[in-house]
Amino acid sequence: KVVIGGTTGIILKTSSIPASAAELYDDFTTADSGLKYKTIKEGTGASPTPGDMVRADFTGWLDGFDSARKFEGSKRPFVFKAASGQVIRGWDESILNMVVGERRQVIVPPRSGYGDRGIAGVVPSNSTLYFEMELQEILPLPSSN
């Protein structure tokens, strides 16, 4: 506490408070698309190529990784074809640069997420999305016999 001119106030230690949201994520890699990511667990497996079926584990938030506003429930496996438009562009971009076993935090800008359309009642339009995702497996493609 400090008293100045008869007014009592509190001095905050500003060095522990980030100057901006950007500063919170300055240790993330930024792609040309604006997607940001940080590997939090290294993987040792293969990297998928466009058209591979992959299984990923993820959680999604609207207001940052520590937010209570999850728009996707607790981590659940999700299977999709990489780089085929089955998921948002930010997911396709991120998954193609991961290896099996890797876990990363990903910040998806609106243009690589749901854009101005959002998802009614779930994701507001022009939302930045925050994901923690792990590439669990590259699945064999079904045979076309």
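Residues numbered from 1 in each chain as written. Predicted model: local features only at pLDDT ≥ 70, side-chain atom pairs only at ≥ 80, totals over all residues. Heavy atoms only, no water.

### Some details on the environment of Glu-42
(1) Moving on: Checked against the element boundaries, Glu-42 lands in the loop between strand S4 (36–41) and strand S5 (53–61).
(2) Moving on: Residue classification places Glu-42 among the exposed positions, given a relative accessible area of 65%.
(3) Moving on: Beyond its immediate sequence surroundings of up to four residues, Glu-42 is in contact with Gly-101 and Glu-102. (Helix = DSSP H or I, 4+ residues; strand = E, 2+ residues; numbered from the N terminus. Buried < 20%, exposed > 50% of the residue type's maximum accessible area, 1.4 Å probe, protein only. Contact = heavy atoms within 4.5 Å.)

### Comments concerning the pattern of salt bridges
(1) Moving on: For the structure on display, the rule yields 8 salt bridges.
(2) Moving on: A salt bridge links Glu-137 to Arg-55; the nearest nitrogen and oxygen atoms lie 3.1 Å apart. Within this pair, whereas Glu-137 is found in strand S8 (residues 129–139), its partner Arg-55 is found in strand S5, the two being separated by 82 residues in sequence.
(3) Moving on: Of the charged contacts in the structure, one is a salt bridge between Glu-132 and Arg-103, with a shortest N-O distance of 3.2 Å. Of this pair, Glu-132 sits in strand S8 while Arg-103 sits in strand S7 (residues 103–108), placing them 29 residues apart in sequence. When sorted by exposure, Glu-132 lands in the same class as Arg-103, which is buried. (Salt bridge = Lys/Arg side-chain N within 4 Å of Asp/Glu carboxyl O.)

### A look at unusual backbone geometry
(1) Moving on: Phi angles above zero are rare outside glycine, and Ala-83 is one such case at about 55 degrees.
(2) Moving on: Of note, Ala-83 is situated in the loop between strand S6 (70–81) and helix H2 (89–95).
(3) Moving on: With relative accessibility at 36%, the residue Ala-83 sits in the partly exposed group.
(4) Moving on: A positive phi angle, near 55 degrees, is found at Asn-126, a position not held by glycine.
(5) Moving on: Following the sequence through the fold, Asn-126 ends up in the loop between S7 and S8.

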